[in-house]
Amino acid sequence: MAERNSYHVVPGEDGWKAEREGSSRASSVHDTQSAAIDAARGYLSRSGGGELNIHGKDNKVRAKDTIAPGNDPRNTPG
């Protein structure tokens, strides 16, 4: 089984960062945690889904979410 994508939303000096696990730099930096979470969800959705780890200001993981692939084959809303 292939390893799943993982992103972390972490606090930084310049704002909240959306970082791909194992990457040496942030994919993007945002003014708010909410904006960084939205960006990380988008990255995961477009790259086949994966795990989103949301850190608090103390840098401890406070929430996790599994993001499904962005190409949902269903034709029904919801």
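To keep things clear, this report deals only with the structure shown in the data block.

As a further point, take the environment of Arg62. Here Arg62 shows up in strand β5 (residues 61-67). With residues near it in sequence (within four places) discarded, Arg62 still touches Gln33, Ile37, Ile54, His55 and Gly56. Of note is the side chain of Arg62, whose polar atom sits 3.0 Å from the side chain of Gln33.

Pairing between strand β1 (residues 5-11) and strand β2 (residues 16-20): 5 bridges, direction antiparallel. Residue pairing across strands places His8 opposite Glu19, the latter belonging to β2. In this structure, the hairpin formed by β1 and β2 is closed by a connection of 4 residues, where Gly15 is found at a positive phi of approximately 145°. As paired elements, β2 and strand β3 (residues 28-30) share 3 bridges and run antiparallel to each other. Across the sheet, the residue bridging to Lys17 is Val29, located in β3.

Analysis parameters
- Residues numbered from 1 in each chain as written.
- Predicted model: local features only at pLDDT ≥ 70, side-chain atom pairs only at ≥ 80, totals over all residues.
- Heavy atoms only, no water.
- Helix = DSSP H or I, 4+ residues; strand = E, 2+ residues; numbered from the N terminus.
- Contact = heavy atoms within 4.5 Å.
- Polar contact = N/O pair within 3.5 Å; in protein donor to acceptor, adjacent residues only side chain to side chain.
- Pairing = 2+ DSSP bridges.

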